[in-house]
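Residues per chain are reported as follows:
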Amino acid sequence: MAEMISEPGPDQPYRPVTFIRGAQSSGQFPVGGWDWERQVHAEAPDGSDRAAVRRVNLAAFPTPNEADLVDALRQDPEAWLPELSVVALDPDGGVVGHALLTRCHVDGVPALALAPVAVLPAWQRQGAGAAMIRALLTAAHAAGEQLVLVLGHPAYYPRFGFVPASGYGIRPPFAVPDEAMMALALDPGRPVPGGSIRYAPAFGD
């Protein structure tokens, strides 16, 4: 399984945020551009965001694999968590980013997999990806989740608190560089399971 994040950018370190569907910007753009954290919301439950989400994933990656993965995960009721699929909007309300957490397991204990994270090329390196990741982590914590796993850029994800998963005794089901397989414990006071990761079938072997 290849890592699934579009080009990383100079985003800010993780901090908890609140995201509400339909939230409007204050009109004051922060230094660096659009106020992304006010423009991230859960994917529309009526399915109206689905076509735009597919377009974002098709544009953000060199192959349709990630877009097809999202579509396949939607069909898996054990993996798909509707409230943990988020989109980022541009100033005109168009979907320019998408990020997703789905159910996985570590030796039978429920966990979450972060993938893919996609931003339209014209909007990359402006903070949209980081805002979506922070929103997902905040929502997962609020839902009582404990463990998030990601296979991705080792220079990008530590800013959100991710560390090598091997430090928890967590092993991916395939060979990857140790520093690329990362984990985040959302509640430091709770135990973190060790063992082998089992992804949703849509991820493949």
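Before any of the text, the structure's been laid out above.
The rules behind these values
- For every chain, the first residue of the written sequence is number 1, and numbering continues from 1 onward in sequence order.
- It should be noted that, the model being predicted, local features are given only for residues of pLDDT at least 70 and side-chain atom pairs only at 80 or more, the latter also being counted only at that level, while totals for whole chains, interfaces and linings use all residues.
- With hydrogens and water stripped out, all remaining heavy atoms of the structure feed into the side-chain values.
- Secondary structure elements follow DSSP: runs of H or I of four or more residues count as helices, runs of E of two or more count as strands, with numbering from the N terminus.
- Buried means the residue's accessible area, taken with a 1.4 Å probe over protein chains only, is under 20% of the maximum for its type, while exposed means over 50%, and partly exposed covers the values in between.
- Note on definitions: a residue-residue contact is assigned when non-hydrogen atoms from the two residues lie within 4.5 Å.
- Only the protein chains shown count as covering a residue, and every accessible area follows the Shrake-Rupley method with a 1.4 Å probe.
- Helix span is expected to be 1.5 Å times the residue number reduced by one.
- For the purposes of this section, nonpolar cores are sets of buried Ala, Val, Leu, Ile, Met, Phe, Trp, Tyr and Cys residues that join through side-chain atoms within 4.5 Å.

## Quick word on the overall build of the protein chain
Working step 1: Within the protein chain, the regular secondary structure consists of three helices and nine strands.
Working step 2: Out of the 205 residues in the protein chain, the part that is buried amounts to 51%.
Working step 3: Within the protein chain, residue pairs in contact and separated by at least 24 positions form 66% of the contacts whose partners lie at least 6 positions apart.
Working step 4: Surface accessibility of the protein chain: about 9,300 Å² in total, with carbon and sulfur atoms responsible for 54%.

## As for the environment of V148
Working step 1: Within the fold, V148 resides in strand 5 (residues 147-151).
Working step 2: Distance in space between the C-alpha atoms of V148 and A183 is 5.7 Å, their sequence separation being 35 residues.
Working step 3: Once residues lying within four places of it in the same chain are set aside, the contact partners of V148 are L101, L112, L114, L137, F162, M182, A183, L184 and L186.

## Observations regarding helix 3 (residues 128-142)
Working step 1: Across its 15 residues, helix 3 extends 21 Å between first and last C-alpha, which sits within 8% of the 21 Å expected from 1.5 Å per residue.
Working step 2: With 13 of 15 residues buried, helix 3 lies mostly within the body of the structure.
Working step 3: Phi turns positive one or two residues past the end of helix 3, at G144, with a value near 85 degrees.

## Some thoughts on the nonpolar core
Working step 1: By size, the foremost hydrophobic cluster in this structure holds 33 residues, and its most contacted members are L73, L149, I170 and Y199.
Working step 2: Of all the secondary-structure elements, those providing two or more residues to this core are helix 1 (50-60), helix 2 (65-74), strand 2 (85-89), strand 3 (95-106), strand 4 (109-119), strand 5 and strand 8 (181-185).
Working step 3: When neighbours within four sequence positions are excluded, L73 is seen to be in contact with A79, W80, L100, T102, A200, A202 and F203.

Functional significance is not addressed by these values, which are geometric in nature.
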